[in-house]
Amino acid sequence: MQNNKKLKWTLFAGFIMTVCFMAQFKLQAESADTFISPECVAYCEEIGKQYAICPELLEAIMESESSGNPRAQNGNCKGLMQINVNYHRNRMNKLGVTDIYDERSNILLAADYLSELFLEYGDLGTVLMLYNGSRNALGRGREGDYTEYAMKIMKRSEQLERLHQK
């Protein structure tokens, strides 16, 4: 009987230690700094300043859209920020962008588009849903019913901001 109690307590203690370890690991993973290249971080800072957009927001979008891969492609969406070349051809011409895969140019296009969306709609969640092409983004934005994508970007941007304030 005594050995049975010891075994139960040992298993319980092991379970508690595992839960604590996993919680600590999850917290560290969620608050990790960005894995994108230092050059892209510098572009986000430069272009973010130019457009009055938080560079961490640009980084968070980049992480989500392409995992920092400048050659990423999904249909007509290309590059770090997954710019739809058909939809943004006029923007490319206006900004003098000729290579959608050029890291700086791709971030510039995204920032220009985000700036336009911010001017028109103001609300970060709505802007992110529109950027992502979410269905009924305006209606959902009015209701504060943000998509998982928008919530993920807002959370990650906030994490990066906290980390960069050190």
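Here, every reference points to the structure presented above.
These figures come from a predicted structure and were not determined experimentally.

Draft legend 1. Spatial organisation of the overall build of the chain. Of the regular secondary structure elements, the chain holds 8 helices and 3 strands. Of the regular secondary structure in the chain, the N- to C-terminal order runs α-α-α-β-β-β-α-α-α-α-α. Intrachain contacts of the chain at a sequence separation of at least 6 include 52% that bridge at least 24 residues. Within the structure as shown, the chain displays about 10300 Å² of accessible surface, and the carbon and sulfur contribution to it stands at 53%.

Draft legend 2. Region of interest: the environment of Val-41. Within the secondary structure, Val-41 is located in helix H2 (residues 38–51). Residue classification places Val-41 among the buried positions, given a relative accessible area of 15%. Linking Val-41 and Glu-56, residues 15 residues apart in sequence, is a C-alpha distance of 8.5 Å.

Draft legend 3. Region of the structure containing the side chain of Ser-115. Positionally, Ser-115 belongs in helix H5 (residues 103–121). For Ser-115, a relative accessible area of 18% corresponds to the buried category. Residue contacts for Ser-115: discarding those within four places in its chain leaves Tyr-51 and Ile-53.

Draft legend 4. Inspection of the nonpolar core at higher detail. Formed by 38 residues in total, the largest nonpolar core has its most connected members in Leu-58, Ile-61, Met-62, Met-81, Ile-107, Leu-128 and Tyr-131. Among the elements of the structure, H2, helix H3 (55–66), H5, helix H6 (124–131) and helix H8 (148–164) are those that each provide at least two residues to this core. With 8 residues, H5 is the largest single contributor of residues to this core.

Draft legend 5. View of the sheet that holds strand S1 (residues 73–74). Taken together, the 3 strands give an open sheet; going across it, the order is S1-S2-S3, and neighbouring strands pair in antiparallel fashion. Strands at the two margins of the open sheet, each flanked by one partner only, are S1 and strand S3 (83–84). With 2 bridges connecting them, S1 and strand S2 (residues 77–78) associate as antiparallel partners. From the neighbouring strand, Gln-73 faces S2, where its bridge partner is Lys-78.

Cut-off values and rules
- Residues numbered from 1 in each chain as written.
- Predicted model: local features only at pLDDT ≥ 70, side-chain atom pairs only at ≥ 80, totals over all residues.
- Heavy atoms only, no water.
- Helix = DSSP H or I, 4+ residues; strand = E, 2+ residues; numbered from the N terminus.
- Contact = heavy atoms within 4.5 Å.
- Areas by Shrake-Rupley, 256 points an atom, 1.4 Å probe, with all protein chains shown as cover.
- Buried < 20%, exposed > 50% of the residue type's maximum accessible area, 1.4 Å probe, protein only.
- Core = buried A, V, L, I, M, F, W, Y, C linked by side-chain atoms within 4.5 Å.
- Pairing = 2+ DSSP bridges.

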